[in-house]
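Each chain, letter by letter, is given below.
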Amino acid sequence: GCSDFNVACQGALHVQECVPENLELKKKIFTQLDAIADDTMVLSSSTSCIMPSKIFTGLKHVKQCIVSHPVNPPYYVPLVELIPHPETDQAVMDRTRALMKEIGQSPVSLKREVDGFALNRIQYAIIAEAWRLIQDGVMSPEDVDTVMSDGLGRRYAFMGPLEVMHLNAEGMQSYIERYGETMQRVLSTFGPIPDFSGQTLEQVDAAMCSRTPATPEALAERRRWRDARQ
C-alpha cells in the first residue's frame, strides 16, 4: 500500500476514490487530488448516492471528474453507473466507459446527474412497493421476497424490464396497447412513500432475522451462500 497521494497517483490515468459515503470526506479527498492532478488524469468517485455537483463543484479539474458507481458485490456484479458533473467533458465519459469495458465491467451512462442515479431509483421503487404490500397487510415479508427471487428476479437476471415487455407481446407497441391502461390503473393505487419505521419495520426485521440472524457470523455465512450463487 501507499499513503502518499503524490506517489500513489504519479503517472495514473484514472484515480478511483472508494472512501465511505461521507460528503465532507470525499470533498477533502478530491481537493487533495485536484492539487496534484495533471490535465489528463480522470478523477472518479465510487459514491452510490451523492450527486457529482456536491462533490466536484469548484475544483480546478472539474471537467475531468466523474462518478463511476460499482454495484455491490462488485466482484460478481459487473454493472458500473457513470454519472457526469454538469461540466464533465464528454471525452472523460467516453474514456471511462471504455476503461470499464476493458476490465470486464458493464458500464451504463447517465446523460445528466439525478438523485439516486439509475440503479437506486429503480431499486428504491421496488423496495417502496414491497414495503407498502407488507404495511397494508397484503403479503408477508417472506412472500414479498419470493415474488422477486422466484418471479421477477428470474426474469430480470439476464434481461431488463423493457426487453421483457417487448418479448411478452408482439413488440413494445403491442405490449402498451394490451397493458398500458392496466399499468396506469395499478400505478394510480400506489400509496405514499413509506417512512420505513414502526410496526412494519419490526415485522420485516423479525422475518429477515428468522432466516438470517443479524449477527456477524450469520450474515457472513449468508453472504458466502449468496456469492457462491452469482
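Residues numbered from 1 in each chain as written. Predicted model: local features only at pLDDT ≥ 70, side-chain atom pairs only at ≥ 80, totals over all residues. Heavy atoms only, no water.

K.L.:
In this structure, what is going on with a nonpolar patch on the surface? I would like to understand it.
P.N.:
Together, Y124, I127, I193 and F196 give the surface a local cluster of nonpolar side chains, amounting to about 420 Å² of exposed area. By secondary structure assignment, the location of I127 is in helix α5 (residues 119–135). With relative accessibility at 36%, the residue I127 sits in the partly exposed group. (Patch = residues over 30% accessible without salt bridge, like charges linked within 9 Å, V, L, I, M, F, W, Y side chains within 5 Å. Areas by Shrake-Rupley, 256 points an atom, 1.4 Å probe, with all protein chains shown as cover. Salt bridge = Lys/Arg side-chain N within 4 Å of Asp/Glu carboxyl O. Helix = DSSP H or I, 4+ residues; strand = E, 2+ residues; numbered from the N terminus. Buried < 20%, exposed > 50% of the residue type's maximum accessible area, 1.4 Å probe, protein only.)

K.L.:
What's the story with the packing of aromatic side chains in this structure? I'm lost.
P.N.:
Geometry of an aromatic ring pair is reported as the spacing of the ring centres plus the angle between the planes. Scanning the model with the defined rule gives 4 aromatic pairs in all. For the pair Y75 and Y76, a centre-to-centre distance of 5.0 Å together with 65° between the ring planes defines the contact as edge-to-face. An angle of 70° between the planes, with centres 5.0 Å apart, marks the rings of W131 and F196 as edge-to-face. Of this pair, W131 sits in helix α5 while F196 is found in the loop between α8 (172–187) and α9 (198–211), placing the two residues 65 residues apart along the sequence. Residue classification places W131 among the buried residues on the basis of a relative accessible area of 12%. (Phe/Tyr/Trp six-rings, centres within 6.5 Å; stacked < 30°, edge-to-face > 60°.)

K.L.:
What am I meant to see in α8 here?
P.N.:
Because an α-helix packs 3.6 residues into every turn, residues spaced three or four apart end up facing the same way. Over its 16 residues, α8 runs only 19 Å from end to end, short of the ideal 22 Å by more than 12%, given 1.5 Å per residue. A maximum bend of about 55° is found in α8 at Y179. For α8, the set of buried residues is S174, Y175 and G180. Where α8 is buried, its residues meet α7 (161–167). (Expected span 1.5 Å × (residues − 1). Bend = angle between axes of the 7 residues up to and from the residue. Contact = heavy atoms within 4.5 Å.)

K.L.:
Just checking my understanding: could you explain the packing of α5 against helix α6 (residues 141–156) for this structure?
P.N.:
In the contact formed by α5 and α6, the axes pass within 9 Å of each other and the chain directions differ by 145°. The crossing of α5 and α6 is right-handed. Contacts between α5 and α6 pair I126, A130, L133 and I134 from the former with P141, V144 and M148 from the latter. (Axes fitted to C-alpha atoms, helices over the stretch in contact; angles between N-to-C directions. Left-handed = near helix turned anticlockwise from the far one by under 90°.)

K.L.:
Even after reading the chapter, I still don't get the sheet that holds strand β3 (residues 65–70), so can you show me in this structure?
P.N.:
By way of backbone hydrogen bonds, the strands of a sheet pair with one another, either parallel or antiparallel. With mixed pairing, the 5 strands of this open sheet are ordered in space as β1-β2-β3-β4-β5. Edge positions in the sheet fall to β1 (14–17) and β5 (106–109), since each of these pairs with one other strand and no more. Between one strand axis and the next, the sheet turns by 30° as a mean value, whatever way the strands run. Relative to strand β2 (residues 42–45), helix α2 (residues 23–36) is tilted by about 170°, and along the sheet it contacts β1 and β2. Against the sheet, helix α4 (residues 90–102) touches β1, β2, β3, β4 (79–84) and β5, its axis set at about 170° to β4. (Pairing = 2+ DSSP bridges.)

K.L.:
Help me out: how do you make sense of the pattern of salt bridges in this one?
P.N.:
Between side chains of opposite charge, a pair can form as their charged atoms come close. Scanning all chains against the criterion turns up 6 salt bridges. Two residues, R211 and D145, come together in a salt bridge whose shortest N-O distance is 3.8 Å. In this pair, R211 sits in helix α9 while D145 sits in helix α6, placing the two residues 66 residues apart along the sequence. Residue D145 is classed as partly exposed on the basis of its relative accessible area of 32%. Taken together, the shared-partner salt bridges in this structure form one network comprising E17, E21 and K26.

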